[in-house]
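Structural overview
So you can see what is in the structure, the chains are spelled out below.
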Amino acid sequence: MIDPDLSDFLAAGVTTDDVPELAPLLAARGIVGTFISLFRGSDAEVLLRLLVLREIGQEADAPRWSPDTLRRRFSYLDPVKLETVLKRLREHDLLAFADDGLYHLSDMGRNAVAALSMLLRFSAEEDAELGFLTAQLAGLSATGSITPDALSHLLSKLNDLTWHFEEAIASGSEFRIVTARSRLKANGRWLDRGTGILRELLTDPEVDFEIARVAQRIGLAQSRLARVDAAFQRALNKIETQRVTLGGSGISSSDVSAWLRHQDSARLADLILGALEAAPAPAFLAGGHELLDRAEAALGADAHEKAATAELPAAHDAPTSIAPEHEDLRLLEHFGHRLEQLQQPAPLHTMVSGGGFAAASYRLSLLALLADGGEGGPADGPVSQFMRLPLQIEFTDQLVDVDEDEIARMTAGEIRPAQGSARPADAPSATET
(Lines give C-alpha, C1' and ligand atoms only; values in the text may rest on other atoms or scores of the structure.)
Protein backbone atom coordinates (compact mmCIF):
# COMPACT_ATOMS: atom_id res chain seq x y z
CA MET A 1 0.00 0.00 0.00
CA ILE A 2 1.50 3.31 -1.08
CA ASP A 3 0.98 6.52 0.84
CA PRO A 4 1.88 9.32 -1.59
CA ASP A 5 2.63 12.79 -0.35
CA LEU A 6 1.35 15.11 -3.07
CA SER A 7 1.72 18.34 -1.18
CA ASP A 8 4.87 19.26 -3.11
CA PHE A 9 3.08 18.74 -6.43
CA LEU A 10 -0.15 20.63 -5.73
CA ALA A 11 -0.56 24.38 -5.93
CA ALA A 12 -0.46 26.42 -2.73
CA GLY A 13 -3.63 26.00 -0.70
CA VAL A 14 -4.84 22.94 -2.70
CA THR A 15 -5.28 19.56 -0.99
CA THR A 16 -5.98 16.12 -2.42
CA ASP A 17 -9.63 16.46 -1.42
CA ASP A 18 -9.91 19.45 -3.75
CA VAL A 19 -8.97 17.26 -6.76
CA PRO A 20 -11.76 14.71 -7.32
CA GLU A 21 -9.82 13.10 -10.19
CA LEU A 22 -7.32 11.78 -7.60
CA ALA A 23 -9.96 9.90 -5.65
CA PRO A 24 -10.13 6.77 -7.90
CA LEU A 25 -6.34 6.50 -7.94
CA LEU A 26 -6.01 6.89 -4.19
CA ALA A 27 -8.75 4.33 -3.65
CA ALA A 28 -6.78 1.84 -5.79
CA ARG A 29 -3.50 2.37 -4.01
CA GLY A 30 -3.02 -1.37 -3.65
CA ILE A 31 -3.13 -2.03 -7.37
CA VAL A 32 -1.08 1.06 -8.17
CA GLY A 33 1.53 0.07 -5.58
CA THR A 34 1.74 -3.41 -7.10
CA PHE A 35 2.62 -2.06 -10.52
CA ILE A 36 4.98 0.54 -9.07
CA SER A 37 6.96 -2.17 -7.31
CA LEU A 38 6.91 -4.34 -10.41
CA PHE A 39 8.24 -1.68 -12.77
CA ARG A 40 10.51 0.34 -10.48
CA GLY A 41 14.24 0.01 -11.07
CA SER A 42 16.47 -0.53 -14.07
CA ASP A 43 15.27 -2.13 -17.27
CA ALA A 44 17.15 -5.34 -16.50
CA GLU A 45 15.57 -5.61 -13.04
CA VAL A 46 12.06 -5.04 -14.42
CA LEU A 47 12.51 -7.63 -17.15
CA LEU A 48 13.84 -10.15 -14.64
CA ARG A 49 10.82 -9.67 -12.34
CA LEU A 50 8.41 -10.02 -15.24
CA LEU A 51 10.19 -13.15 -16.43
CA VAL A 52 9.96 -14.88 -13.05
CA LEU A 53 6.39 -13.76 -12.42
CA ARG A 54 5.14 -14.92 -15.84
CA GLU A 55 6.86 -18.30 -15.62
CA ILE A 56 5.37 -18.98 -12.20
CA GLY A 57 1.92 -17.87 -13.36
CA GLN A 58 1.95 -20.01 -16.53
CA GLU A 59 2.08 -23.28 -14.61
CA ALA A 60 -1.64 -24.06 -14.31
CA ASP A 61 -1.53 -27.74 -13.26
CA ALA A 62 0.92 -27.23 -10.40
CA PRO A 63 0.60 -23.56 -9.33
CA ARG A 64 2.76 -24.07 -6.21
CA TRP A 65 6.52 -24.14 -6.41
CA SER A 66 9.12 -25.25 -3.92
CA PRO A 67 12.33 -23.22 -3.61
CA ASP A 68 14.34 -26.09 -5.12
CA THR A 69 11.93 -26.33 -8.06
CA LEU A 70 12.29 -22.61 -8.71
CA ARG A 71 16.07 -22.85 -8.62
CA ARG A 72 16.01 -25.71 -11.16
CA ARG A 73 13.49 -23.89 -13.32
CA PHE A 74 15.61 -20.72 -13.38
CA SER A 75 18.99 -22.41 -13.47
CA TYR A 76 20.07 -19.97 -16.21
CA LEU A 77 19.82 -17.07 -13.71
CA ASP A 78 22.36 -16.09 -11.11
CA PRO A 79 21.22 -17.67 -7.79
CA VAL A 80 21.76 -14.45 -5.83
CA LYS A 81 19.81 -12.37 -8.36
CA LEU A 82 16.99 -14.91 -8.34
CA GLU A 83 16.70 -14.76 -4.55
CA THR A 84 16.63 -10.96 -4.72
CA VAL A 85 13.78 -11.04 -7.23
CA LEU A 86 11.77 -13.56 -5.18
CA LYS A 87 12.28 -11.49 -2.05
CA ARG A 88 11.04 -8.30 -3.75
CA LEU A 89 8.00 -10.07 -5.20
CA ARG A 90 7.13 -11.42 -1.73
CA GLU A 91 7.56 -8.06 -0.02
CA HIS A 92 5.15 -6.37 -2.43
CA ASP A 93 2.48 -9.10 -2.30
CA LEU A 94 3.03 -10.25 -5.85
CA LEU A 95 4.25 -13.65 -4.71
CA ALA A 96 3.07 -15.51 -1.61
CA PHE A 97 5.04 -17.95 0.51
CA ALA A 98 2.63 -20.38 2.17
CA ASP A 99 3.02 -22.18 5.45
CA ASP A 100 3.87 -25.39 3.59
CA GLY A 101 7.04 -23.73 2.27
CA LEU A 102 5.78 -23.39 -1.32
CA TYR A 103 5.59 -20.30 -3.50
CA HIS A 104 2.44 -19.29 -5.40
CA LEU A 105 1.07 -16.17 -7.05
CA SER A 106 -1.06 -13.88 -4.94
CA ASP A 107 -4.36 -12.58 -6.29
CA MET A 108 -2.73 -9.26 -7.10
CA GLY A 109 0.17 -10.99 -8.83
CA ARG A 110 -2.14 -13.14 -10.91
CA ASN A 111 -4.07 -10.07 -12.04
CA ALA A 112 -0.80 -8.39 -13.04
CA VAL A 113 0.29 -11.47 -15.02
CA ALA A 114 -3.09 -11.65 -16.77
CA ALA A 115 -2.99 -7.96 -17.73
CA LEU A 116 0.59 -8.31 -18.97
CA SER A 117 -0.27 -11.39 -21.05
CA MET A 118 -3.13 -9.52 -22.74
CA LEU A 119 -0.87 -6.59 -23.59
CA LEU A 120 1.80 -8.90 -25.01
CA ARG A 121 -0.85 -10.69 -27.07
CA PHE A 122 -1.83 -7.49 -28.84
CA SER A 123 1.72 -6.23 -29.33
CA ALA A 124 1.96 -8.20 -32.60
CA GLU A 125 -1.20 -6.72 -34.10
CA GLU A 126 -1.32 -3.94 -36.67
CA ASP A 127 -2.89 -1.59 -34.14
CA ALA A 128 -2.40 -3.01 -30.67
CA GLU A 129 -4.18 -0.18 -28.88
CA LEU A 130 -7.46 -0.49 -30.77
CA GLY A 131 -7.45 -4.28 -30.41
CA PHE A 132 -6.76 -4.10 -26.68
CA LEU A 133 -9.44 -1.47 -26.08
CA THR A 134 -12.03 -3.42 -28.08
CA ALA A 135 -11.20 -6.69 -26.32
CA GLN A 136 -11.39 -4.95 -22.94
CA LEU A 137 -14.76 -3.46 -23.89
CA ALA A 138 -16.04 -6.88 -24.96
CA GLY A 139 -15.04 -8.35 -21.60
CA LEU A 140 -16.72 -5.55 -19.70
CA SER A 141 -19.84 -5.99 -21.83
CA ALA A 142 -19.95 -9.71 -21.13
CA THR A 143 -19.81 -9.06 -17.38
CA GLY A 144 -22.23 -6.13 -17.53
CA SER A 145 -19.70 -3.67 -16.12
CA ILE A 146 -19.10 -1.21 -18.97
CA THR A 147 -18.23 2.27 -17.76
CA PRO A 148 -18.23 5.62 -19.59
CA ASP A 149 -14.46 5.80 -19.05
CA ALA A 150 -13.90 2.56 -20.97
CA LEU A 151 -16.03 3.86 -23.84
CA SER A 152 -14.24 7.22 -23.80
CA HIS A 153 -10.89 5.49 -24.32
CA LEU A 154 -12.25 3.78 -27.44
CA LEU A 155 -13.81 7.04 -28.69
CA SER A 156 -10.49 8.85 -28.28
CA LYS A 157 -8.68 6.15 -30.25
CA LEU A 158 -11.23 6.27 -33.09
CA ASN A 159 -10.97 10.06 -33.32
CA ASP A 160 -7.18 9.77 -33.42
CA LEU A 161 -7.40 7.27 -36.30
CA THR A 162 -9.76 9.57 -38.20
CA TRP A 163 -7.36 12.49 -37.79
CA HIS A 164 -4.45 10.31 -38.96
CA PHE A 165 -6.30 9.13 -42.08
CA GLU A 166 -7.52 12.61 -43.02
CA GLU A 167 -3.99 13.96 -42.65
CA ALA A 168 -2.68 11.22 -44.98
CA ILE A 169 -5.27 12.18 -47.64
CA ALA A 170 -4.47 15.89 -47.28
CA SER A 171 -0.74 15.20 -47.75
CA GLY A 172 -1.33 13.94 -51.31
CA SER A 173 1.41 11.33 -50.82
CA GLU A 174 0.59 8.03 -52.50
CA PHE A 175 2.72 6.10 -50.03
CA ARG A 176 1.10 7.66 -46.98
CA ILE A 177 -2.36 7.02 -48.39
CA VAL A 178 -1.58 3.37 -49.18
CA THR A 179 -0.09 2.85 -45.71
CA ALA A 180 -3.08 4.48 -44.02
CA ARG A 181 -5.48 2.40 -46.12
CA SER A 182 -3.74 -0.84 -45.13
CA ARG A 183 -3.92 0.24 -41.50
CA LEU A 184 -7.66 0.85 -41.84
CA LYS A 185 -8.10 -2.58 -43.43
CA ALA A 186 -6.12 -4.27 -40.65
CA ASN A 187 -8.35 -2.63 -38.03
CA GLY A 188 -11.54 -3.67 -39.82
CA ARG A 189 -12.28 -6.62 -37.55
CA TRP A 190 -11.90 -4.50 -34.42
CA LEU A 191 -14.25 -1.89 -35.86
CA ASP A 192 -16.80 -4.61 -36.65
CA ARG A 193 -16.60 -6.04 -33.14
CA GLY A 194 -16.94 -2.60 -31.63
CA THR A 195 -20.03 -2.00 -33.77
CA GLY A 196 -21.61 -5.19 -32.45
CA ILE A 197 -20.97 -4.16 -28.84
CA LEU A 198 -22.42 -0.70 -29.42
CA ARG A 199 -25.52 -2.18 -31.05
CA GLU A 200 -26.17 -4.28 -27.94
CA LEU A 201 -25.68 -1.27 -25.70
CA LEU A 202 -28.01 1.01 -27.63
CA THR A 203 -30.78 -1.61 -27.82
CA ASP A 204 -30.78 -2.04 -24.04
CA PRO A 205 -33.59 0.18 -22.66
CA GLU A 206 -32.01 0.22 -19.20
CA VAL A 207 -28.56 1.39 -20.25
CA ASP A 208 -27.12 4.35 -18.37
CA PHE A 209 -27.62 7.73 -20.07
CA GLU A 210 -23.92 8.64 -20.00
CA ILE A 211 -22.97 5.27 -21.49
CA ALA A 212 -25.56 5.69 -24.26
CA ARG A 213 -24.30 9.20 -25.01
CA VAL A 214 -20.68 8.08 -25.44
CA ALA A 215 -21.81 5.02 -27.43
CA GLN A 216 -23.63 7.26 -29.91
CA ARG A 217 -20.52 9.38 -30.38
CA ILE A 218 -18.51 6.21 -31.01
CA GLY A 219 -21.04 5.23 -33.66
CA LEU A 220 -20.56 8.57 -35.41
CA ALA A 221 -16.78 8.16 -35.28
CA GLN A 222 -17.06 4.68 -36.82
CA SER A 223 -19.31 6.09 -39.57
CA ARG A 224 -16.61 8.62 -40.45
CA LEU A 225 -14.03 5.83 -40.63
CA ALA A 226 -16.34 3.84 -42.90
CA ARG A 227 -16.39 6.76 -45.35
CA VAL A 228 -12.61 7.18 -45.27
CA ASP A 229 -12.02 4.19 -47.56
CA ALA A 230 -13.94 5.89 -50.37
CA ALA A 231 -11.90 9.05 -49.79
CA PHE A 232 -8.72 6.95 -50.06
CA GLN A 233 -9.86 5.60 -53.43
CA ARG A 234 -10.69 9.06 -54.78
CA ALA A 235 -7.28 10.35 -53.72
CA LEU A 236 -5.52 7.40 -55.36
CA ASN A 237 -7.54 7.89 -58.56
CA LYS A 238 -6.44 11.52 -58.66
CA ILE A 239 -2.80 10.48 -58.20
CA GLU A 240 -3.18 7.87 -60.95
CA THR A 241 -4.13 10.57 -63.46
CA GLN A 242 -0.86 12.36 -62.66
CA ARG A 243 1.34 9.26 -62.84
CA VAL A 244 4.22 9.43 -65.33
CA THR A 245 5.34 6.31 -67.21
CA LEU A 246 8.96 6.09 -68.31
CA GLY A 247 8.68 5.32 -72.01
CA GLY A 248 7.35 1.88 -72.91
CA SER A 249 9.15 0.14 -70.06
CA GLY A 250 6.04 -0.06 -67.89
CA ILE A 251 7.93 1.61 -65.04
CA SER A 252 6.13 4.58 -63.50
CA SER A 253 7.30 7.44 -61.34
CA SER A 254 5.68 5.69 -58.35
CA ASP A 255 7.82 2.60 -58.97
CA VAL A 256 10.96 4.73 -59.04
CA SER A 257 9.93 6.54 -55.85
CA ALA A 258 9.18 3.23 -54.10
CA TRP A 259 12.59 1.86 -55.13
CA LEU A 260 14.35 4.98 -53.85
CA ARG A 261 12.58 4.65 -50.49
CA HIS A 262 14.15 1.23 -49.99
CA GLN A 263 17.70 2.50 -50.51
CA ASP A 264 19.91 3.56 -47.63
CA SER A 265 21.45 7.00 -47.36
CA ALA A 266 24.85 5.86 -48.67
CA ARG A 267 23.28 4.40 -51.81
CA LEU A 268 21.25 7.57 -52.40
CA ALA A 269 24.40 9.67 -52.03
CA ASP A 270 26.12 7.55 -54.69
CA LEU A 271 23.17 7.94 -57.04
CA ILE A 272 23.00 11.71 -56.73
CA LEU A 273 26.74 12.17 -57.07
CA GLY A 274 27.30 13.81 -60.45
CA ALA A 275 23.59 13.78 -61.31
CA LEU A 276 23.11 17.44 -60.43
CA GLU A 277 25.51 19.54 -62.43
CA ALA A 278 26.09 23.28 -62.10
CA ALA A 279 24.37 25.56 -64.58
CA PRO A 280 26.57 26.44 -67.60
CA ALA A 281 28.42 29.72 -67.26
CA PRO A 282 27.36 32.40 -69.78
CA ALA A 283 30.72 32.54 -71.50
CA PHE A 284 29.52 34.98 -74.17
CA LEU A 285 29.47 37.74 -71.57
CA ALA A 286 33.22 37.46 -71.09
CA GLY A 287 34.10 39.07 -74.44
CA GLY A 288 34.11 42.84 -73.90
CA HIS A 289 35.10 43.72 -77.47
CA GLU A 290 32.08 41.83 -78.91
CA LEU A 291 29.75 43.86 -76.69
CA LEU A 292 31.53 47.05 -77.74
CA ASP A 293 31.07 46.29 -81.44
CA ARG A 294 27.36 45.61 -81.00
CA ALA A 295 26.88 48.77 -78.96
CA GLU A 296 28.67 50.88 -81.55
CA ALA A 297 26.51 49.52 -84.36
CA ALA A 298 23.33 49.99 -82.36
CA LEU A 299 24.17 53.58 -81.47
CA GLY A 300 25.25 54.55 -84.97
CA ALA A 301 23.10 56.68 -87.30
CA ASP A 302 22.97 53.99 -89.97
CA ALA A 303 20.99 51.68 -87.77
CA HIS A 304 18.34 54.34 -87.10
CA GLU A 305 18.06 55.24 -90.76
CA LYS A 306 17.60 51.61 -91.77
CA ALA A 307 14.91 51.16 -89.12
CA ALA A 308 13.05 54.28 -90.31
CA THR A 309 13.04 53.26 -93.99
CA ALA A 310 12.31 49.59 -93.43
CA GLU A 311 9.53 48.26 -95.65
CA LEU A 312 7.79 44.95 -95.88
CA PRO A 313 9.00 42.65 -98.66
CA ALA A 314 6.87 42.22 -101.75
CA ALA A 315 4.19 39.56 -101.68
CA HIS A 316 4.96 36.19 -103.26
CA ASP A 317 2.75 33.31 -104.14
CA ALA A 318 2.71 30.54 -101.59
CA PRO A 319 4.52 27.41 -102.73
CA THR A 320 2.44 24.57 -103.97
CA SER A 321 1.67 21.74 -101.57
CA ILE A 322 4.68 19.71 -100.71
CA ALA A 323 4.31 16.05 -99.91
CA PRO A 324 4.58 15.46 -96.17
CA GLU A 325 7.71 13.84 -94.88
CA HIS A 326 7.43 10.16 -94.27
CA GLU A 327 8.80 8.62 -91.15
CA ASP A 328 11.93 6.61 -91.76
CA LEU A 329 10.86 3.06 -90.86
CA ARG A 330 13.83 1.25 -92.32
CA LEU A 331 15.19 0.40 -88.88
CA LEU A 332 11.80 -1.02 -87.88
CA GLU A 333 11.49 -3.11 -91.03
CA HIS A 334 15.05 -4.40 -90.76
CA PHE A 335 14.55 -5.34 -87.11
CA GLY A 336 11.24 -7.05 -87.91
CA HIS A 337 12.93 -9.05 -90.64
CA ARG A 338 15.61 -10.22 -88.17
CA LEU A 339 12.98 -11.28 -85.68
CA GLU A 340 11.03 -13.20 -88.33
CA GLN A 341 14.13 -15.30 -88.97
CA LEU A 342 14.45 -16.21 -85.28
CA GLN A 343 14.27 -19.99 -84.83
CA GLN A 344 15.61 -20.43 -81.27
CA PRO A 345 15.38 -18.36 -78.10
CA ALA A 346 17.93 -15.57 -78.11
CA PRO A 347 19.19 -13.27 -75.34
CA LEU A 348 17.63 -9.84 -75.37
CA HIS A 349 20.89 -7.89 -75.47
CA THR A 350 22.21 -9.71 -78.57
CA MET A 351 19.09 -8.88 -80.57
CA VAL A 352 18.80 -5.28 -79.40
CA SER A 353 22.37 -4.04 -79.66
CA GLY A 354 23.85 -2.73 -82.88
CA GLY A 355 24.07 0.71 -84.42
CA GLY A 356 24.75 2.60 -81.21
CA PHE A 357 22.75 3.55 -78.15
CA ALA A 358 19.94 5.36 -80.04
CA ALA A 359 19.16 2.40 -82.30
CA ALA A 360 19.31 -0.07 -79.39
CA SER A 361 16.94 2.10 -77.35
CA TYR A 362 14.50 2.20 -80.27
CA ARG A 363 14.55 -1.58 -80.64
CA LEU A 364 14.09 -2.08 -76.89
CA SER A 365 11.06 0.24 -76.86
CA LEU A 366 9.53 -1.78 -79.73
CA LEU A 367 10.05 -5.03 -77.81
CA ALA A 368 8.51 -3.50 -74.68
CA LEU A 369 5.43 -2.56 -76.71
CA LEU A 370 5.35 -6.05 -78.22
CA ALA A 371 5.58 -7.60 -74.73
CA ASP A 372 2.56 -5.55 -73.64
CA GLY A 373 0.46 -7.09 -76.42
CA GLY A 374 0.75 -4.10 -78.74
CA GLU A 375 -1.44 -1.89 -76.56
CA GLY A 376 -1.44 1.66 -77.85
CA GLY A 377 -0.05 0.67 -81.29
CA PRO A 378 -1.61 1.64 -84.64
CA ALA A 379 -4.29 -0.48 -86.28
CA ASP A 380 -2.41 -0.91 -89.57
CA GLY A 381 0.92 -0.12 -91.21
CA PRO A 382 4.47 -1.39 -90.58
CA VAL A 383 4.25 -0.87 -86.84
CA SER A 384 1.02 -2.90 -86.70
CA GLN A 385 2.69 -5.71 -88.66
CA PHE A 386 5.57 -5.66 -86.22
CA MET A 387 3.20 -5.90 -83.26
CA ARG A 388 1.68 -9.08 -84.74
CA LEU A 389 4.95 -10.98 -84.88
CA PRO A 390 4.54 -14.41 -83.18
CA LEU A 391 7.14 -13.80 -80.50
CA GLN A 392 7.30 -14.02 -76.74
CA ILE A 393 9.32 -11.37 -74.94
CA GLU A 394 10.46 -11.94 -71.36
CA PHE A 395 11.99 -9.15 -69.25
CA THR A 396 13.63 -9.74 -65.87
CA ASP A 397 14.63 -7.43 -63.04
CA GLN A 398 18.32 -8.23 -63.57
CA LEU A 399 20.96 -6.36 -65.56
CA VAL A 400 23.47 -7.90 -67.94
CA ASP A 401 26.87 -6.36 -68.80
CA VAL A 402 27.29 -5.43 -72.49
CA ASP A 403 30.21 -2.96 -72.53
CA GLU A 404 30.08 -2.39 -76.28
CA ASP A 405 28.22 -0.39 -78.91
CA GLU A 406 27.77 2.56 -76.49
CA ILE A 407 25.91 0.27 -74.02
CA ALA A 408 27.33 -0.53 -70.58
CA ARG A 409 24.46 -2.60 -69.16
CA MET A 410 20.89 -3.35 -70.08
CA THR A 411 17.91 -5.34 -68.85
CA ALA A 412 18.36 -9.09 -69.10
CA GLY A 413 15.68 -11.00 -70.99
CA GLU A 414 14.92 -13.44 -73.77
CA ILE A 415 13.15 -13.41 -77.13
CA ARG A 416 11.68 -16.68 -78.33
CA PRO A 417 9.23 -17.77 -81.03
CA ALA A 418 5.69 -18.30 -79.81
CA GLN A 419 4.58 -21.91 -79.47
CA GLY A 420 3.17 -23.26 -82.71
CA SER A 421 4.70 -20.46 -84.80
CA ALA A 422 8.03 -22.05 -85.70
CA ARG A 423 8.69 -22.56 -89.42
CA PRO A 424 11.49 -24.21 -91.37
CA ALA A 425 14.66 -22.22 -91.79
CA ASP A 426 14.32 -22.20 -95.57
CA ALA A 427 10.70 -21.02 -95.61
CA PRO A 428 10.15 -17.52 -97.02
CA SER A 429 9.50 -14.76 -94.51
CA ALA A 430 6.49 -12.47 -94.49
CA THR A 431 8.60 -9.68 -95.98
CA GLU A 432 9.95 -11.69 -98.92
CA THR A 433 8.33 -11.40 -102.30
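Anything mentioned here points back to the structure above.
Residues numbered from 1 in each chain as written. Predicted model: local features only at pLDDT ≥ 70, side-chain atom pairs only at ≥ 80, totals over all residues. Heavy atoms only, no water.

Quick look at the pattern of salt bridges now. Here the structure, examined in full by the defined rule, presents ten salt bridges. With a shortest N-O distance of 2.4 Å, Glu55 and Arg73 are connected by a salt bridge. Of this pair, Glu55 sits in helix α3 (residues 43–57) while Arg73 sits in helix α4 (residues 67–73), and the two are 18 residues apart along the sequence. With a relative accessible area of 34%, Arg73 lands in the partly exposed category. Of the charged contacts, one joins Asp68 and Arg71 as a salt bridge, the two residues approaching to 2.7 Å between their closest N and O atoms. With Asp68 and Arg71 both in helix α4 and three residues apart, this pair spans about one turn of that helix. Counted as one network, the salt bridges with shared partners bring together Asp68, Arg71 and Glu83. (Salt bridge = Lys/Arg side-chain N within 4 Å of Asp/Glu carboxyl O. Helix = DSSP H or I, 4+ residues; strand = E, 2+ residues; numbered from the N terminus. Buried < 20%, exposed > 50% of the residue type's maximum accessible area, 1.4 Å probe, protein only.)

A separate point is the packing of helix α10 (residues 188–203) against helix α11 (residues 209–241). Taken N-terminus to C-terminus, the directions of α10 and α11 make an angle of 145°; their axes are 10 Å apart at the nearest point. Note that α10 runs across α11; the crossing there is left-handed. From α10, Leu191, Gly194, Thr195, Leu198, Leu201 and Leu202 reach across to α11, where they touch Ile211, Ala212, Ala215, Gln216, Ile218, Gly219, Gln222 and Leu225. Class assignment of the residues belonging to the contact of α10 with α11 gives a composition of nine nonpolar, five polar and no charged. (Axes fitted to C-alpha atoms, helices over the stretch in contact; angles between N-to-C directions. Left-handed = near helix turned anticlockwise from the far one by under 90°. Contact = heavy atoms within 4.5 Å. Nonpolar A, V, L, I, M, F, W, Y, C, P; charged D, E, K, R; others polar.)

What follows is about the sheet that holds strand β5 (residues 407–417). Here three strands make up an open sheet; going across it, the order is β3-β5-β4 and the pairing antiparallel. Each edge of the sheet is formed by a strand with only one pairing partner; in this case those strands are β3 (346–347) and β4 (391–404). As defined by bridge partners, β4 adjoins β5 across nine bridges and the pair is classed as antiparallel. Each bridged residue has a counterpart across the sheet, and for Leu391 the counterpart in β5 is Pro417. Sheet contacts for helix α18 (residues 357–371): β4 and β5; angle to β4, the most-contacted strand, approximately 155°. (Pairing = 2+ DSSP bridges.)

Given 3.6 residues per helical turn, the α-helix brings residues three or four places apart onto the same face. The end-to-end C-alpha separation of α3 is 21 Å, in line with the 21 Å expected for 15 residues at 1.5 Å each. Among the residues of α3, those classed as buried are Val46, Leu48, Arg49, Leu50, Val52, Leu53, Glu55, Ile56 and Gly57. (Expected span 1.5 Å × (residues − 1).)

To continue, consider the environment of Val402. If you trace the backbone, Val402 turns up in strand β4. As a C-alpha pair, Val402 and Ser353 span 49 residues in sequence and 8.8 Å in three-dimensional space. Apart from residues no more than four positions distant in its own chain, Val402 is found in contact with His349, Ile407, Ala408, Arg409 and Met410.

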